[in-house]
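One letter stands for each residue in the lines below.
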Amino acid sequence: MIMETQEEQLVELGDSAEVLLKTPAFTQVIDECVEASFATFCNTEAMKVDQRELAHRHYLAIKDVVNTLQQRVQVRDSIVEQRNGDNSQEELAL
């Protein structure tokens, strides 16, 4: 019973993550943030290490958010695939 509840929560998280990832406004903001981080990194003098490192950490944080959302979608897809496989096995047994 607890496992089903956790699975359902993971499926819901995956559904929400997919909606967010497919939202044009979200994609636009992410792209703009990545571009700004890249521009800051590229346009900062090499001697200004702190500023360059901050831009790089900002980029990694953005990337981490997107990767986390994508991972939630993948977990959801795995759960759904497993459920479909289990249902197919049950149908074959009948």
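Residues numbered from 1 in each chain as written. Predicted model: local features only at pLDDT ≥ 70, side-chain atom pairs only at ≥ 80, totals over all residues. Heavy atoms only, no water.

Caption draft 1: Expanded view of the overall build of the protein. When helices and strands are counted, the protein shows 3 helices and 0 strands. Helices (α) and strands (β) of the protein occur, in sequence order from the N terminus, as α-α-α. Counting only residues that meet the buried cut, the protein has 16% of its 94 residues in that class. A sequence separation of at least 24 residues applies to 73% of the contacts in the protein between residues at least 6 apart. Just so you have it, the protein exposes about 7,400 Å², and 56% of that area is on carbon and sulfur atoms. (Helix = DSSP H or I, 4+ residues; strand = E, 2+ residues; numbered from the N terminus. Buried < 20%, exposed > 50% of the residue type's maximum accessible area, 1.4 Å probe, protein only. Contact = heavy atoms within 4.5 Å. Areas by Shrake-Rupley, 256 points an atom, 1.4 Å probe, with all protein chains shown as cover.)

Caption draft 2: Fine view of the packing of aromatic side chains. For the structure shown, the criterion picks out 0 aromatic pairs. Above the plane of the ring of F41 lies R52, whose end atom (NZ or CZ) is 4.2 Å from the centre. (Phe/Tyr/Trp six-rings, centres within 6.5 Å; stacked < 30°, edge-to-face > 60°. Lys NZ or Arg CZ within 6 Å of the ring centre and 35° of its normal.)

Caption draft 3: A look at a nonpolar patch on the surface. A surface patch of nonpolar side chains, about 200 Å² in accessible area, is lined by L10, L13 and V75. The residue V75 is located in helix α3 (residues 49–93) in this model. When its relative accessible area of 32% is taken as the criterion, V75 is described as partly exposed. (Patch = residues over 30% accessible without salt bridge, like charges linked within 9 Å, V, L, I, M, F, W, Y side chains within 5 Å. Salt bridge = Lys/Arg side-chain N within 4 Å of Asp/Glu carboxyl O.)

Caption draft 4: Local environment of the side chain of S37. If you trace the backbone, S37 turns up in helix α2 (residues 24–43). Ignoring any residue separated from it by four or fewer positions in sequence, one finds S37 in contact with A55, H58, Y59 and I62.

Caption draft 5: Representation of the environment of E53. Structurally, the position occupied by E53 is in helix α3. Separated by 12 residues in the primary sequence, E53 and F41 place their C-alpha atoms 7.9 Å from one another.

Caption draft 6: Here's a closer look at the nonpolar core. Core analysis: the biggest nonpolar cluster contains 7 residues, these being A17, F26, I30, I62, V66, L69 and V73. When residues of this core are traced back to their parent elements, those giving at least two are α2 and α3. When neighbours within four sequence positions are excluded, F26 is seen to be in contact with L20, L21 and L69. (Core = buried A, V, L, I, M, F, W, Y, C linked by side-chain atoms within 4.5 Å.)

Caption draft 7: Up close: the environment of A17. Tracing the backbone shows A17 in helix α1 (residues 2–21). Along the chain, A17 and Q70 lie 53 residues apart, while their C-alpha atoms are 7.1 Å from each other. Setting aside residues up to four positions removed in sequence, A17 forms contacts with L69, R72 and V73.

As far as function goes, none of this settles anything; it's purely spatial.
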